[in-house]
Amino acid sequence: MVDPREASDIAKHAGVSVHTVHKLIPAYNRLGVAAVETPGRGGRRREYMTLDEERDFLTPFFDRAERGELTTVQQIKQAFEEKVGNEVDESTIHRLLDRHQWRKLVPRPFHPQEDQEEQEQFKQNFPKIVEEAVKTKDPEDNRPVLLMAEDEACFGRISIPKRSWAPKHMRPRVPRQIVREYIYAYAAVAPETGEMTSLVLPSSNTEMMNIFLKHVSNTFSKYFIVMQTDQAGWHSSKDLVIPPNILLISQPAYSPELNPVEHLWEELREKDLPNRAFSSLDAVVDALCNGLQRLEQNSKLLRSMTYFPHFKMVS
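In this text the structure is predicted, and so the values were computed from the model without any measurement.

Student: Hey, could you run me through the nonpolar core in this one?
Tutor: Nonpolar side chains tend to gather and get buried jointly when the protein is soluble and globular. With 34 residues, the main nonpolar core has F155, M196, L264, W265 and L288 as its most contacted residues. Elements with a minimum of two residues in this core: α7 (116-135), β1 (145-156), β2 (182-190), β4 (224-229), β5 (246-250), α9 (261-271), α10 (281-296) and α11 (299-306). The biggest single contributor to this core is α10, with 5 residues. Not counting chain neighbours up to four residues away, the residues in contact with L288 comprise F155, I183, A185, V200, L268 and L273. Listed in part, the 18 residues of the second largest apolar core include A190, Y223, I225 and L240.

Student: I'm lost on the packing of aromatic side chains in this one. Help?
Tutor: To describe a pair of aromatic rings, one takes the distance between the centres and the angle between the planes. One pass over the full model with this rule turns up 9 aromatic pairs. Judged by centre distance (6.5 Å) and plane angle (50°), the ring pair of F220 and Y223 falls under tilted. Of the two residues, F220 and Y223, both sit in the buried class. Linked through ring pairs, Y48, F57, F61 and F80 together constitute an aromatic cluster. Across the ring face of F155, the terminal group of R269 is positioned such that the distance to the ring centre comes to 4.4 Å.

Student: Honestly, the sheet that holds β5 in this entry has me stumped. Any pointers?
Tutor: For sheets, the rule is that strands pair by backbone hydrogen bonds, running either parallel or antiparallel. Within the open sheet, the 5 strands sit side by side as β3-β2-β1-β4-β5. Their pairing is mixed. The sheet is open, and its two edges are formed by β3 (195-201) and β5, each paired on a single side. Looking at each pair of strands side by side, their axes are set apart by 25° on average, direction ignored. Lying over the sheet, α9 contacts β1, β2 and β3, oriented at roughly 40° with respect to β1.

Student: Would you take a moment to explain a nonpolar patch on the surface for this structure?
Tutor: Side chains of L24, Y28, V33 and V36 sit close together on the surface and give an oily, nonpolar patch of about 310 Å² of accessible area. Along the chain, V36 falls in the loop between α2 (18-31) and α3 (51-58).

Student: Mind showing me how you'd approach α11 here?
Tutor: Structural remark: α-helix, 3.6 residues per turn; residues separated by three or four positions point the same way. Within α11, burial applies to L302, M305 and T306. Looking straight down α11, one finds its buried side chains confined to an arc of 80°; they lie on one side. Opposite the buried face of α11, at more than 90 degrees from it, the exposed residues are K300 and S304. Buried residues belonging to α11 abut β2, β3, α9 and α10.

Student: Hey, could you run me through the pattern of salt bridges in this one?
Tutor: Pairs can form between side chains of opposite charge once their charged atoms are near each other. All chains considered together, the criterion is met by 12 salt bridges. Taking the shortest distance from any N to any O, the salt bridge between R143 and D141 comes out at 2.9 Å. R143 gets classed as partly exposed once you look at its relative accessible area, which sits at 27%. With a relative accessible area of 13%, D141 lands in the buried category. When the shortest N-O distance is used, the salt bridge between E267 and R294 registers 3.2 Å. With E267 in helix α9 and R294 in helix α10, the pair connects residues that are 27 residues apart, well separated along the chain.

Student: I would appreciate a short explanation of unusual backbone geometry in the present structure.
Tutor: Across the chain, the bulk of peptide bonds are trans and the bulk of non-glycine residues have phi less than zero. One non-glycine residue, Q101, lies in positive phi territory at about 60°. In this fold, Q101 is placed in the loop between α6 (90-99) and α7. Note on Q101: relative accessible area 70%, which makes it exposed. Positive phi, close to 75°, is recorded for H169, a residue that is not glycine. Turning to its location among the elements, H169 is positioned in the loop between β1 and β2.

Student: Would you mind showing me how to read α9 here?
Tutor: Buried within α9 we find V261, L264, W265, E267 and L268. The arc that holds the buried residues of α9, viewed along the axis, is 160°, so those residues lie on one side. On the buried face of α9, the contacting elements are β1, β2, β3, α10 and α11.

Student: Looking at this model, I keep getting lost on the environment of R108. Mind explaining?
Tutor: Take R108: it is sitting in the loop between α6 and α7. Residue R108 is classed as exposed on the basis of its relative accessible area, which comes to 75%. When the C-alpha positions of R108 and E257 are compared, they lie 9.2 Å apart, and in sequence the two are 149 residues distant.

Student: Would you take a moment to explain the environment of F122 for this structure?
Tutor: Within the secondary structure layout, F122 lies in helix α7. Measuring from C-alpha to C-alpha, the distance between F122 and L248 comes to 15 Å, with 126 residues separating the pair along the chain. Leaving out residues up to four positions away in the same chain, F122 has contacts with I129, Q228, S250, Q251, P252, L258 and H310.

Student: What's the story with the pairing of β1 in this structure? I'm lost.
Tutor: Two faces make up the sheet, and in a regular strand the side chains alternate between them. Extensive coverage of β1 is indicated by the burial of 9 of its 12 residues. One ladder, built from 5 bridges, connects β1 with β4; its direction is parallel. For A149, the partnering residue across the bridge sits in β4 and is Q228. Taken together, the 8 bridges between β1 and β2 define a ladder with antiparallel strand orientation. Its bridge partner being in β2, A149 is matched across the sheet by V189.

Calculation notes
- Residues numbered from 1 in each chain as written.
- Predicted model: local features only at pLDDT ≥ 70, side-chain atom pairs only at ≥ 80, totals over all residues.
- Heavy atoms only, no water.
- Core = buried A, V, L, I, M, F, W, Y, C linked by side-chain atoms within 4.5 Å.
- Buried < 20%, exposed > 50% of the residue type's maximum accessible area, 1.4 Å probe, protein only.
- Helix = DSSP H or I, 4+ residues; strand = E, 2+ residues; numbered from the N terminus.
- Contact = heavy atoms within 4.5 Å.
- Phe/Tyr/Trp six-rings, centres within 6.5 Å; stacked < 30°, edge-to-face > 60°.
- Lys NZ or Arg CZ within 6 Å of the ring centre and 35° of its normal.
- Pairing = 2+ DSSP bridges.
- Axes fitted to C-alpha atoms, helices over the stretch in contact; angles between N-to-C directions.
- Patch = residues over 30% accessible without salt bridge, like charges linked within 9 Å, V, L, I, M, F, W, Y side chains within 5 Å.
- Areas by Shrake-Rupley, 256 points an atom, 1.4 Å probe, with all protein chains shown as cover.
- Salt bridge = Lys/Arg side-chain N within 4 Å of Asp/Glu carboxyl O.
- Arc of directions from axis to C-beta.

Below you can see the structure in the form of structure tokens.
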């Protein structure tokens with residue numbers, strides 16, 4: 001009104017389209033400033049519940065979430081519809097969960113026969129257990145103590161598709177096969193220093209364990225090794241030959257989550273072996289060796305994956 005101009009000039013000056021100018025001018029002539037006083041984009045214009053009410057609504061689901069029972073949103077959706085009195089789209093529940101920082105993730109597994117109390121005692125008493133083990137060392141053995149963990153895992157030609165990243169409109173096709181041929185990887189890791197050694201062996205028994213312990217003993221010959229193991233039968237067999245510079249301590253039964261080496265197997269299965277159908281067991285060995293060598297050469301990654309709190313307590 002003060003400085004009349006073409007709609008195109010106004011649009012350029014205001015940073016809007018010419019169409020918006022043509023639409024706003026008659027509205028302004030009718031309604032005045034109210035025509036251009038808009039609430040802006042974003043925000044919740046319509047809501048079934050306030051944020052506090054949504055928080056109270058989700059509280060009863062916490063226990064079921066902790067048990068891993070909420071594998072879909074259907075149960076929450078049904079309770080939500082009963083609460084508000086009408087049907088809602090599933091996306092409404094997804095947005096609700098996102099607002100309150102819920103996320104869908106794979107639960108942490110545990111063995112149904114585990115003893116949580118025994119596990120906690122093992123972690124708390126670990127420094128004392130190591131100290132008692134070191135006392136059994138030959139007094140004339142002046143080698144420094146190296147704390148390690150050992151485990152073995154089975155790898156084979158059974159190929160099961162895993163989740164993988166892909167751009168929109170693409171769904172990858174990966175081979176799937178069930179061929180029951182297996183090989184075993186043995187690994188020992190020193191979490192504090194990020195060192196490890198490994199062997200790929202044809203089976204998992206006392207004879208193979210003897211071979212691996214001898215390999216560890218020679219590889220870390222300058223150390224006296226205190227090694228955490230699980231309670232597999234070949235770890236306590238009467239035919240097991242334990243080298244002079246190695247002493248084994250057993251973790252509680254049914255407690256793989258206490259062993260740092262388990263993280264190495266997860267890393268290998270995620271990075272080196274997924275979504276591949278191997279033509280032979282030799283191909284599995286090649287892939288497995290490449291993955292183990294990759295880990296051995298990355299002490300920083302090894303330390304970050306395996307330096308469990310009970311190992312830090314000893315350090």
